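Summary of the model geometry
Letter by letter, the chains look like this.
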2 protein chains.
Amino acid sequence: MFDRLEIVPAYRTVCEAIEKEIMTGRLGPGDQLPTETELAQQFGLTRHTVREGLRILEEGGLVGREAGRRLFVKQPHYAESAPRATRALIMQRVTFRELWEVSMSLEPAAADRAARHVTDADIKALEDNLAAMEKAFAEDRSIIALDIAFHTLVAEIGGNKALLLAREPISQLFYPALSRLFDHPGNRLTGPRRLIDAHRKIIEAMKLRDAVEAEAWMRRHIADFRRGYDHCGFDVDEPVAHREQD
Amino acid sequence: MFDRLEIVPAYRTVCEAIEKEIMTGRLGPGDQLPTETELAQQFGLTRHTVREGLRILEEGGLVGREAGRRLFVKQPHYAESAPRATRALIMQRVTFRELWEVSMSLEPAAADRAARHVTDADIKALEDNLAAMEKAFAEDRSIIALDIAFHTLVAEIGGNKALLLAREPISQLFYPALSRLFDHPGNRLTGPRRLIDAHRKIIEAMKLRDAVEAEAWMRRHIADFRRGYDHCGFDVDEPVAHREQD
DNA sequence: CGATGTTCGTTTGTTCAACAAGCCAACAAT
DNA sequence: ATTGTTGGCTTGTTGAACAAACGAACATCG
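Residues numbered from 1 in each chain as written. Chains lettered and ligands numbered in written order. Predicted model: local features only at pLDDT ≥ 70, side-chain atom pairs only at ≥ 80, totals over all residues. Heavy atoms only, no water.

So, about the environment of Gly158 of chain B. Residues and elements named next belong to chain B. Looking at the element boundaries, Gly158 is found in helix α7 (residues 144-158). Residue classification places Gly158 among the buried positions, given a relative accessible area of 5%. For the pair formed by Gly158 and Thr49, sequence separation is 109 residues and the distance between their alpha carbons is 43 Å. In contact with Gly158, not counting residues within four places along its chain, are Arg113, Ala114 and His117. (Helix = DSSP H or I, 4+ residues; strand = E, 2+ residues; numbered from the N terminus. Buried < 20%, exposed > 50% of the residue type's maximum accessible area, 1.4 Å probe, protein only. Contact = heavy atoms within 4.5 Å.)

Encoded structure:
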């Protein structure tokens, strides 16, 4: 007969009220919010209740601040929602297969788009990344962060905001997977080598603005990733990250 | 010489401390958190400060509560991170083309996976959705929510958690796009008709466990969506949602 | 016996009043 | 010109308190 009544705490209402102002455009990116005291007066609440609402907005990326300074409206960036999504996937024990399958769809598409939009400055950034990777490899340092950065760079060059948002949390989760892979005795050297060579091929295709080749190389690169994983005897249906590792 | 010192407010430290307990597994899903007073004592802070940290965790989906009751550790669900991501895309003025491109990659993959994993109960759910859509169409009600639910259903059947997380925020954003499309005079009837027929084809392929067909029909279905958009004279490079519409 | 009050301890939601600390700008001092 | 100093504004934090919701145990009444 009756549904459960939803009792909404005041701090949540505060949060929604401000969010509404932002989403309807009455408050735009860059605008300053009133001070906590003013907000408290306007809402007819205590400063503390308002603060709890502000904390929620802040976490949501809709408002930000510069070190203890006044709050202002922000454009949420995909890199901020990614860690939360990554955490969610870890806690749900996402498997390598799941991540790989999605990457098999998204990464080639990103490469294709990137090849069509790439500028000379972008090429430079890609080559810098490649050089840094060669250097790290030669000095026996980890190339994992650079690899993930390379793929994010490719996606950024493509400029598709939805794609960036969709792939970022998944991309971040390859860290533990790559880490495992490169720790395996058989892959210690050949793994990074093959990876760097693949990146080089992709960059070459980009230089020629050859979207077909760029996509093809990216596809092979991702496929190769899985082959390496299988080859090491790892189970693709196991969670990539144990919660213990953080 | 020196970098800017990062002054971290106590409430943020609270949040990180608890998050760490969760991510390292010392606190697992279902576990109850200590009461606010206990936490305040343990951290050596005021209840207020602790509460602000808890609000952040709550928003992050790591902890939850049942109506004013004690907090417990939760498994974040992809449906909770989606609205935030959707907001971010809206504020960044994501275009139809961007959404469509990603969907062109993800939806066929989802259909393929679904066809390989589909159970009889899943088929039933899909057919129920189709029937509800036919009914809504016959009664001249909007089918948009049902359409979005259909695609989410397909993705859920596939069971790839990373895919679900990646596609959900994008899927939600088709609401305004479809809304525009079906409001267009030329599409008022033919639009929904074509859409429903496509869904039927996809379901038929699923029944046969024919992954190739399911993927092919899904691909045509998404491609058709864009054709419809172009056909109405809409600019695919315009933002799909104005902030004013919320 | 079962449905309805009553009471109580626990925990969260909210208020009020206050102080500490960081930031900013203006101004004084060397 | 750089370095103190001052003061006002705003956020971060504290403390004590009360209101409101919940759960459980128990009393009450038909």
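Counted according to the given criterion, the structure contains 58 salt bridges over all chains. The residue Glu139 of chain A makes a salt bridge to Lys135 of chain A at a minimum N-O spacing of 3.3 Å. The exposure class assigned to Glu139 of chain A is partly exposed, which follows from its relative accessible area of 42%. Asp224 of chain B is paired through a salt bridge with Arg227 of chain B; the nearest N and O atoms lie 3.7 Å apart. On the criterion of helical spacing, the pair formed by Asp224 of chain B and Arg227 of chain B is a turn pair, its members being 3 residues apart in helix α11 (residues 211-231). Through salt bridges with shared partners, one network takes in Glu36, Arg47, Arg51, Arg55, Glu58 and Arg65 of chain A together with Glu52 of chain B. (Salt bridge = Lys/Arg side-chain N within 4 Å of Asp/Glu carboxyl O.)

This part takes up the packing of helix α1 (residues 10-23) of chain B against helix α3 (residues 47-60) of chain B. For any two helices packed against each other, one specifies the crossing angle of their axes together with the interaxial distance. Residue and element names in this part refer to chain B. Where α1 contacts α3, the axes come no closer than 8 Å and their chain directions differ by 55 degrees. In terms of their interaxial angle, α1 and α3 are classed as oblique. α3 is crossed by α1, and the crossing has right-handed handedness. Counting all contacts with α1, which are made through Ala10, Tyr11, Arg12, Val14, Cys15, Ile18 and Glu19, the residues of α3 involved are Thr49, Val50, Glu52, Gly53, Leu54, Ile56 and Leu57. The residue makeup of the contact of α1 with α3, split by class, is 9 nonpolar, 2 polar and 3 charged. (Axes fitted to C-alpha atoms, helices over the stretch in contact; angles between N-to-C directions. Parallel < 35°, antiparallel > 145°, perpendicular 65-115°, else oblique. Left-handed = near helix turned anticlockwise from the far one by under 90°. Nonpolar A, V, L, I, M, F, W, Y, C, P; charged D, E, K, R; others polar.)

Each assigned domain of chain A is listed here: domain 1 (10-73) and domain 2 (79-245). When each unit is reduced to the centre of its C-alpha atoms, the spacing between domain 1 of chain A and domain 2 of chain A is 37 Å. (Domains from an automatic or database assignment.)

On to the protein's contact with DNA strand D, then. The local shell around DNA strand D holds 20 residues, among which Arg47 of chain A together with Ala10, Thr46, His48 and Thr49 of chain B are the closest. Close to the protein, within 4 Å, the atoms of DNA strand D are drawn from sugar and phosphate at a rate of 69%. Within the side chain of Arg47 of chain A, an N or O atom sits 2.7 Å from a base nitrogen of DNA strand D. Taking Thr49 of chain B, its side chain carries an N or O atom lying 2.7 Å from a phosphate oxygen of DNA strand D. At the level of secondary structure, the elements contributing two or more residues to the surface near DNA strand D comprise α3 (47-60) of chain A together with α1 and α3 of chain B. The residue makeup of the surface near DNA strand D, split by class, is 4 nonpolar, 6 polar and 10 charged. (Near = heavy atom within 4 Å. Polar contact = N/O pair within 3.5 Å; in protein donor to acceptor, adjacent residues only side chain to side chain.)

Let's shift gears to the interface of chain A and chain B. Contacts between chain A and chain B engage 58 residues on the former and 58 residues on the latter. Note that Lys161 of chain B and Glu98 of chain A form a salt bridge whose closest N and O atoms lie 3.3 Å from each other. Run the count over chain A and chain B and you get 21 residue pairs in polar contact (both at pLDDT 80 or more). Residue assignment for the side of chain A that touches chain B shows that the elements contributing at least two residues are α1 (10-23), α3, α4 (78-91), α5 (96-117) and α8 (161-172) of chain A. In terms of residue count, α5 of chain A provides more of the side of chain A that touches chain B than any other element does, 9 residues in total.

This part takes up the environment of Pro76 of chain B. In this fold, Pro76 of chain B is placed in the loop between β2 (71-73) and α4 (78-91). When the C-alpha positions of Pro76 of chain B and Ala10 of chain B are compared, they lie 24 Å apart, and in sequence the two are 66 residues distant. Beyond its immediate chain neighbours, meaning those up to four positions away, Pro76 of chain B contacts Ala88, Met91 and Gln92 of chain A together with Gly61 and Leu62 of chain B.

Residue and element names in this part refer to chain B. Residue Asp140 is not a glycine yet carries a positive backbone phi of 65 degrees. With respect to the secondary-structure elements, Asp140 resides in the loop between α6 (120-138) and α7. The phi torsion at Arg209 lies on the positive side, around 55 degrees, for a residue other than glycine. Relative to the helices and strands, Arg209 resides in the loop between α10 (190-207) and α11. Classification of Arg209 as partly exposed rests on a relative accessible area of 38%.

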